[in-house]
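Architecture at a glance
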Amino acid sequence: MDESWGLTRMTRVEVVVAGDDVALLAELFAEVGATGFTAVSNVSGLGHSGYHQGRLLFNDRNALALLTVVLPPERTAALLDGLRPLLAGRSGVLLVSDTWVSRPQYFQ
Amino acid sequence: MSGADALGARARLLTQIDEAARVIAPLWPLSTFIAVNPLWDLRQLPFDDAIACATRVLGVRGHPPAPLFAAAYADRRVTAADLRAAIDDRSAARGYGCGRGQWAGDGGAARTLTVTERHDSSFGTAIAAATDREVAKWCAAYLGGVLPAQPGGGFYAAWRAIVARDPAARRMAGRAGRDRLARLGSQPEGAIITCLERLGVGEEERVPELARQLARMPGWAGHAKWRSRWAAPDHPGPPLHLLDYLAVRLGYEAELLGVAVARPSRVGRAPRAPRRGRWGRGRRQERGVPPRSEPFDIASLPDDLRGHLPGLPATEVARVWLGGYEGHYRDRLLAALERPSPAPSARPSVQAVFCIDVRSEGLRRHLEAVGPYETFGFAGFFALPIRYRPWGSADALDLCPVLVRPNAEVAERPSPGAAPTAGRQLTGRQALAAAQGALDGARKGALSPFILAEAAGFFAGPLAVTKTLVPARYLRLRRWAGRRLAPPTATVVDAGSAGVGMSDEEQALFAETALTTMGLTGNFAPVLLLCGHGSTTENNPHASSLDCGACGGNRGGASARAAAAILNRVAVRRLLSERGILIPDGTVVVAAEHDTATDRVTVFDAHLLAPAHHDRIAALRRDLERAGVALAAERVSRLPGARGPDPAAAVAARSADWAQVRPEWGLARNAAFIVAPRDVTAGVDLACRSFLHSYDPGVDPDGIALETILTAPMVVAHWINAQYYFATVDPEVFSAGDKTVHNIVAGIGVVQGTGGDLQVGLPLQSLFDADQAYHEPMRLLTVVQAPQALLEAVIARNPVLRELFDGQWVHLAGRDHADDRWKIRRPGGTWTWWTPAATDPKEASTRG
C-alpha cells in the first residue's frame, strides 16, 4: 500500500450465511455502527457442510447470501463478537481483511 | 466495561436472541395467514431431536397421543403388520444425526425454565404470569395504536414513556419499582443486559433463558419474530421487534423478582394462569381442546408386539406407532400409484392448470371425468412473484410464497372502453367505504353505540335474523345491493407492455419457467385454463388460512389473470418460440378461480375472448360447474352437519353462514406431495389429500425444475403439513383453540376471550370434529417420479433438502420411470425397495 495514494485503512468483513440470517446480519451491522453493506443473494459453493446451490428460483431464504461490510478497525472486534456464536452453530463463511477506502467519512 | 466491550456485548446479545428465537415460529398477521412448521428453525436437527428440544423449552407433545392411535388401530388405520414394519424400519434408521449448534445433542436434558419460573415454583409466587399479563396488555395496546409511538423508537420506547404512569406497575412493583422500570436504559439492548444481570443469568445461560422467555407467549413473540425476520422493512403499522419485546418482558421479570425477594406478599398468585403449556385439564376443556391422553391399553395387540413395545421408552413407542401409521398410508398410496392409469380417450379440448393445493385434486379428478380435459398441477402463483394492486385500492397484495419477495408490481385497471362504468364503480365503492368507516367509528365511540343502536336497530335486527336463518339469501341480497351501488366493470390485469412494467424478456422468462417446470412445453390444446383458488367465508378471522398459500395467503385469481395475460401476448409467444415452446396462435389462455368453500369456478375476463372461443369457453364453464357439483357432493359427506338433497346448495349455505365455524375442511388430512406427470395419478381417488405437482424429467435434464419444485412448493407443502401435524398433536400449544371465543386484536391476530397471548396456528374447528381428530397427523410423504441420480444430485446441492429428508421431517419415495418399482429413501441417502407391510384384506384405500 503506497501512502501517496491518500487512502484510509479500514477492515472489510465478508460473511456468507443462509438467506434466513440476512436480517440478523443487518441488525449486527447497524449495532456496531456500519453505515452500509453490500448483499449478494443466491451465491453457491462447496464448504464444510457440503455443496450449496445458489440458484433457487422461488426460495430466497434457503439460498446463501454474501454480505460485505467495511468498518473502522476499532469496531471490528465488536462485530466479530456477534458473528462468532452465529457461525458456531450454523453454516457460513467469515473472512476479515484489511482494505483501503478513498472516502473514509462514508464508513465512520 | 469499556465502550468496545459494551459494543461487543450488545452484538453478542443480538445473536443470542436470534438463536433463542429458533424455538418459536414466526406468526404472520391474520390478513395473510401462513401455515408454517412451528419448529422450522430447528430443522437442522432430526425430527425426533427437534421434538425433544421443543418438549424441553415449549413443554409440548411432539407425537400423536395414544387415544388417536388406539382409535386408528381399532379402525384398522394402522395394523400389527404396520407396527412390525415400523419397528424394523426404526432399527435400520437409528444412529443418524445431522444437527449442531446450541440446541443439538441434549435430548435428555431437563425442562428449561426461566429464573422467575424457578422462583415461582419454589416460593409460590406468580412473577412469570404477571409478566405475561402485563406484556400482553402492552403489546395489544401498542399494535392497536393505543400506546403512543415515540419518535424514532419502537415498542420499548413507547412502553418506557408510559410505564411511569401505569397504576398496574405501581401496584405490583411499588412506586420505587415503577420508577426503576421507567429508568431502564434508553436502548433495549442495554436494558436486556442490565435485566439479565439482575436476574443472575450468566453469558452461557442466556440463550436458554431467552428462549424460554419467548416460549412463554409464542403468539406475541412469534409476531415479533415475523416482524423482525420476515416482514419487509417498510411494512406498515407499529413495529414490534424481538429486541423491544424482550426488553419490556425482562424489565418486568427483573423488577418483580426483586420485589418478590424483598416483599413476597406483593407478587402473589395471579388471578388466572395465562401460560397454555402448563394448563391443567380444566383449562384445556375451557379452550375446547380434547383432554390429554390416558395410557393406551395394548391388550388387543398380538403377543409379539405386547412383548416388545412395553420394553421401549415411551417416546420410542410413540415413534413406532407414528411410523406404522405413516407406513400404512404410504403403502396404500404407492400401491395405488403402481396401477397403470387409463389411457386418455381423446385429444384434450382444454388443458387446465390448477394449484398444487390438495383441494384442487378433487376438482381435477371430477373435471377429467366429465370431458376430454388434461390437467396439470403447479404452484398457484404461476411462477409470477408479484405485488398486485387491485383497481381502486390503496393496498397492494404480495402474491407469492413467503419464501420469495415479489419482484414486479402488477396493477388491475379498467378495460379500454369501460371508463363510464369504472367511474361509477369507484364512486360506489368510495361511498360504501365511507359508510363502513362511519359505522365502525360509531361502534367504537364512547356514547355513539347507544345512538347507533337506537337509530339503526330497526334495520339491523331484521338483517341479523335474515343473515342467521337464510344466510345464502342474505348474501345474494348483499351482493345485489353491492352491484347496484358499485356496478361491476370490465378490467384487465397487465404485467407490462409498451415499455411499462415487466419487460417482454422478463415475462417470457416467467412463462418459460412455469411451462417447463410443469412439463407443458408442447401439444397445446385450443384452450389453456389457469385456475387459482380462494375461499369465500363469512365472519371468519382465519379466512386467509383457506386461501392460496402459494399466493402468500391471498386469493389466487389475480395471479392466474396476470399469468394468462402474459401467455396471451404475441411478443411473449414469439420469445417462447425462440426457446422451443411453440404456443399455437389458435390457443387462448384463460384465467379462473376455484372457490374451495362453494366449489364454484369463476372464469375471468370473458370480455377479452375472441368470438371464436366463446362456444368452447361456454362448454368449459358447464363442465366446471358439473365437476364442482360432484366435488361438493364428495365434500358434503365429510363435513359435519352438511345435509340436504342439493350438495352445491349445502356448501354454498355454509360459505355464506356467519355462524358457521367450519365452512370447509381446508387442507386437513393433507398427507402427500406427488411430483410426477398426471398419468401417474390419473384415475386414482386421492381424497383431496395430495399436493400434485406436474413434472416431466424429459424436459429437465439438469434437474433445475425438480430443484425448484422441491425447494419451494414442497417446502410450502411441508410447512402446511407440519402446521396441521403439530396443531393436531398438541392443540393446546400449536392450535388457536376454539374459534367461538376468539377476539381480534389490532387486526393482526386473535386472543381467547379478553386478552392474553395471541393464538397461533389453526382453530380447533379446522382440525377436530368434536373431540375426534379429523386431520390425520403424519409427516409429509413426497413421491417423485424422476431418475434417482438426478434426485440425489438435487438433494446433495441443497442443504434444506438434506435437512428435511435426512432429518425425517419429510419422507421420500421415488422411482425412475413409470415401469419401475418404488423405492424409499433412508436418512443419509440410501434407497431400499419399497416393501409394503402385509395387507389386511379388510381394508385397502388411498383415502386413508
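One can find the structure itself at the top, above this paragraph.
In this text, all values refer to a predicted model and were calculated from it rather than measured experimentally.

Our next topic: unusual backbone geometry. All names here are of chain B. One non-glycine residue with positive phi stands out, namely Ala687, at about 55°. Along the chain, Ala687 falls in the loop between helix H25 (678-681) and strand S13 (690-693). Even without being a glycine, Gln808 presents a positive backbone phi close to 60°. Take Gln808: it is sitting in the loop between helix H30 (799-806) and strand S19 (811-815).

The interface is formed by 39 residues belonging to chain B together with 32 residues belonging to chain A. Summing both sides of the interface, chain B and chain A together bury roughly 3100 Å²; the carbon and sulfur share of this comes to 54%. Run the count over chain B and chain A and you get six salt bridges. For the salt bridge of Asp81 of chain A with Arg12 of chain B, the shortest nitrogen-to-oxygen distance reads 2.9 Å. Connecting chain B to chain A are 12 residue pairs in polar contact (both at pLDDT 80 or more). For the side of chain B that touches chain A, the secondary-structure elements that each account for two or more residues are helix H1 (3-20), helix H11 (218-229), helix H26 (704-711) and H30 of chain B. Here the side of chain B that touches chain A gets 10 residues from one element, more than from any other, and that element is H1 of chain B. Here the residues of the side of chain B that touches chain A are counted per class, giving 17 nonpolar, eight polar and 14 charged.

All names here are of chain A. In spatial order, the strands read S2-S5-S1-S6; together these four strands make up an open sheet with antiparallel pairing. Only two strands of the sheet have a single partner each, and these edge strands are strand S2 (38-43) and strand S6 (93-101). Strand-to-strand twist across the sheet, computed as the mean angle between neighbouring axes with direction ignored, equals 20°. Bridge count for strand S1 (residues 8-18) against strand S5 (residues 64-71) is eight bridges, and the pairing is antiparallel. Within the sheet, the bridge partner assigned to Val16 lies in S5 and is Leu66.

Per the stated rule, a full pass over the model turns up 60 salt bridges over all chains. Between Asp504 of chain B and Arg569 of chain B there is a salt bridge, and its shortest N-O distance comes to 2.9 Å. Taken together, the positions of Asp504 of chain B in helix H20 (residues 504-518) and Arg569 of chain B in the loop between helix H21 (557-568) and helix H22 (570-578) put the pair 65 residues apart, joining distant regions of the chain. Asp504 of chain B gets classed as partly exposed once you look at its relative accessible area, which sits at 28%. With its nearest N and O atoms 3.0 Å apart, the salt bridge here joins Arg689 of chain B to Glu776 of chain B. Pair noted here: Arg689 of chain B is in the loop between H25 and S13 and Glu776 of chain B is in the loop between strand S17 (772-773) and strand S18 (781-785), with a separation of 87 residues, a long-range link. You'll find Arg689 of chain B and Glu776 of chain B in the same group, each marked buried. Overlapping salt bridges bring together Asp21, Glu27 and Arg90 of chain A together with Asp18, Glu19, Arg22 and Arg229 of chain B as one network.

Cut-off values and rules
Residues numbered from 1 in each chain as written. Chains lettered and ligands numbered in written order. Predicted model: local features only at pLDDT ≥ 70, side-chain atom pairs only at ≥ 80, totals over all residues. Heavy atoms only, no water. Helix = DSSP H or I, 4+ residues; strand = E, 2+ residues; numbered from the N terminus. Contact = heavy atoms within 4.5 Å. Buried area = accessible area lost by both parts, 1.4 Å probe. Salt bridge = Lys/Arg side-chain N within 4 Å of Asp/Glu carboxyl O. Polar contact = N/O pair within 3.5 Å; in protein donor to acceptor, adjacent residues only side chain to side chain. Nonpolar A, V, L, I, M, F, W, Y, C, P; charged D, E, K, R; others polar. Pairing = 2+ DSSP bridges. Axes fitted to C-alpha atoms, helices over the stretch in contact; angles between N-to-C directions. Buried < 20%, exposed > 50% of the residue type's maximum accessible area, 1.4 Å probe, protein only.

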